[in-house]
Amino acid sequence: MSAHESMEHAEHAEHASGVNKNIALLIAVIALFLALSETLGKGAQTESISKNVEASNLWAFFQAKSIRRTVVQSVSDQARLSLGVMGDDAAKAALQKQIDDWQKTAARYRSEPETGEGSEQLSERAKRAEEERDLAMAKYHHFEVASAAFQIGIVLASATIITGMIALAWISGLLALTGIAFTAIGLFAPHAVHLM
């Protein structure tokens, strides 16, 4: 090998080394964004599960209150029918007082704004939890798409180092931009793009 050929070989190796450093930097940046989207996705998934459990619990509580209200209302209605056949005024008055108490209890089971545990309030709280769950799920789906784009981008950038095909690095960069876009959508406008 002549000195000129050696010099060209060294220049080519130095150029390849510089390109590889740039690709390695690209991989590191994409990996950083991948870690961010994965963390955000896990948080959104956890929030979705938590809100789903909360909504289920609230709907179960709503059903229990509705059943209690129905039972109390039925007993009250049955007792009201008994009033007409009672002859003793004291017993009638006592039964009427009990009927009034049952009616108040049934009304409280329907609406209890001070505690937020009436069936109307429980229904509103459950619907809010469902909306929060759906929002968290929408975020999660966007973060998952972003993570997939970042992962594929890392693979293609790695393949660039092995093959020397710079086109793969450009595709990797475009995938990174796609991942960043989906991460931003997940953060700021999760209902803007419907994935699932």
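Quantities reported herein were computed from a predicted structural model and do not represent experimental measurements. (Residues numbered from 1 in each chain as written. Predicted model: local features only at pLDDT ≥ 70, side-chain atom pairs only at ≥ 80, totals over all residues. Heavy atoms only, no water.)

Asker: It is not clear to me how helix α2 (residues 89–110) should be interpreted in this structure. Could you clarify?
Answerer: Residue pairs three or four apart in sequence face the same way in an α-helix, which turns once every 3.6 residues. Between its first and last C-alpha, α2 extends 31 Å over 22 residues, near the 32 Å set by a 1.5 Å rise per residue. Of all the positions in α2, only Leu95, Ile99, Thr105, Ala106 and Tyr109 are classed as buried. All buried residues of α2 project into a common sector of 120° when viewed along the axis, lining one side. Relative to its buried face, α2 has exposed residues pointing more than 90 degrees away, namely Asp89, Ala90, Lys97 and Lys104. The N-terminus of α2 is capped by aspartate 88, whose side-chain oxygen sits 3.4 Å from the backbone nitrogen of alanine 90. (Helix = DSSP H or I, 4+ residues; strand = E, 2+ residues; numbered from the N terminus. Expected span 1.5 Å × (residues − 1). Buried < 20%, exposed > 50% of the residue type's maximum accessible area, 1.4 Å probe, protein only. Arc of directions from axis to C-beta. Polar contact = N/O pair within 3.5 Å; in protein donor to acceptor, adjacent residues only side chain to side chain.)

Asker: Help me understand helix α3 (residues 119–163), please; the structure alone is not making it clear to me.
Answerer: Helix length check: α3, at 45 residues, gives a terminal C-alpha distance of 65 Å against a target of 66 Å (1.5 Å per residue), a fit within 8%. Positive phi shows up at glycine 164, right after α3, with a value of about 80°.

Asker: Can you walk me through the environment of glutamate 38 in this structure?
Answerer: With respect to the helices, strands and loops of the structure, glutamate 38 is situated in helix α1 (residues 3–83). Under the relative-accessibility criterion, glutamate 38 is labelled partly exposed at 33%. Separated by 21 residues in the primary sequence, glutamate 38 and tryptophan 59 have C-alpha atoms spaced 31 Å apart. Of the polar contacts made by the side chain of glutamate 38, one reaches the side chain of serine 147; its length is 2.9 Å.

Asker: Help me understand the environment of arginine 128 in this model?
Answerer: Secondary-structure assignment places arginine 128 in helix α3. On the accessibility criterion, arginine 128 (45% relative accessible area) is partly exposed. Distance from arginine 128 to leucine 95, taken between C-alpha atoms, is 41 Å for residues 33 residues apart in sequence.

Asker: Got a minute to help me understand the packing of aromatic side chains in this structure?
Answerer: Two descriptors summarise a pair of aromatic rings, namely the distance from one centre to the other and the angle between the planes of the rings. Following the criterion strictly, the structure yields two aromatic pairs and no others. With a centroid separation of 6.0 Å and 20° between ring planes, the pair formed by phenylalanine 33 and phenylalanine 150 is classed as stacked. Of this pair, phenylalanine 33 sits in helix α1 while phenylalanine 150 is found in helix α3, placing the two residues 117 residues apart along the sequence. Both rings, one in tryptophan 59 and one in phenylalanine 62, keep their centres 5.3 Å apart while their planes meet at 85°; by these two values the pair is edge-to-face. (Phe/Tyr/Trp six-rings, centres within 6.5 Å; stacked < 30°, edge-to-face > 60°.)

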